[in-house]
Amino acid sequence: MTKLLRLIVSALCLATSSGPARPLAQQDPVAQRVTNAANNLSHELLVCSSFFYITAIGMMNRNDAKGQKDGEQQKQIGDQLSTVAGRLSEIIGQKPEAFQARLEMAMADLRKEMADKYVNYSILQQKYLNVCTDLAGNLRKRIEALKEATQ
């Protein structure tokens, strides 16, 4: 995970060329595109981390050893995605309060989709399982693509 975070930092620092992000109005067009791409990726990561968190809660509520173990694994994936999203948000200059609000909104949106009842979890599974599993499994490729866009 640390190597991945270093890759993110190098990609975005190259894009903004002066370290931390400046307001979009002060950025050149390439930096604006990279900042927007990083912001979009951060959002995708937050939605997927929310999906994995909700999945973890459902598994842990089964109250058996397998559910606890599987739930913890899902939570760890959610934590990893949330960490990367947080780092991206920090690099592009988003306030921590805005990042936290985005995470809470993503969780609320997903819970609303399933009417806040795990009996409706299949709605989330159908919509997010493949997309989020792919994002989590290919995150390095997504960051590499972001880095290439800066060069």
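Everything discussed here concerns the structure shown above.
Here is what the cut-offs are and how they apply
- Residues numbered from 1 in each chain as written.
- Predicted model: local features only at pLDDT ≥ 70, side-chain atom pairs only at ≥ 80, totals over all residues.
- Heavy atoms only, no water.
- Core = buried A, V, L, I, M, F, W, Y, C linked by side-chain atoms within 4.5 Å.
- Buried < 20%, exposed > 50% of the residue type's maximum accessible area, 1.4 Å probe, protein only.
- Helix = DSSP H or I, 4+ residues; strand = E, 2+ residues; numbered from the N terminus.
- Contact = heavy atoms within 4.5 Å.
- Salt bridge = Lys/Arg side-chain N within 4 Å of Asp/Glu carboxyl O.

Draft legend 1. The nonpolar core, seen in detail. One finds Leu45, Phe51, Leu88, Leu110, Leu124, Tyr128 and Leu139 to be the most contacted residues of the largest nonpolar core, which totals 30 residues. For this core, the element with the highest residue contribution is helix α2 (residues 29–60), accounting for 11 residues. With sequence-adjacent residues up to four places away left out, Phe51 is seen in contact with Leu110, Tyr121, Leu124, Gln125, Tyr128, Leu129 and Cys132.

Draft legend 2. Quick peek at the side chain of Ser82. Among the secondary structure elements, Ser82 is positioned in helix α3 (residues 65–91). Overall, the relative accessible area of 11% leaves Ser82 in the buried class. The residues touching Ser82, leaving out its near neighbours within four places in the chain, are Ser49, Tyr53, Phe99 and Leu103.

Draft legend 3. Expanded view of the pattern of salt bridges. A full pass over the atoms with the stated rule returns 7 salt bridges. With a shortest N-O distance of 3.7 Å, Arg62 and Asp64 are connected by a salt bridge. We classify Asp64 as partly exposed; its relative accessible area is 34%.

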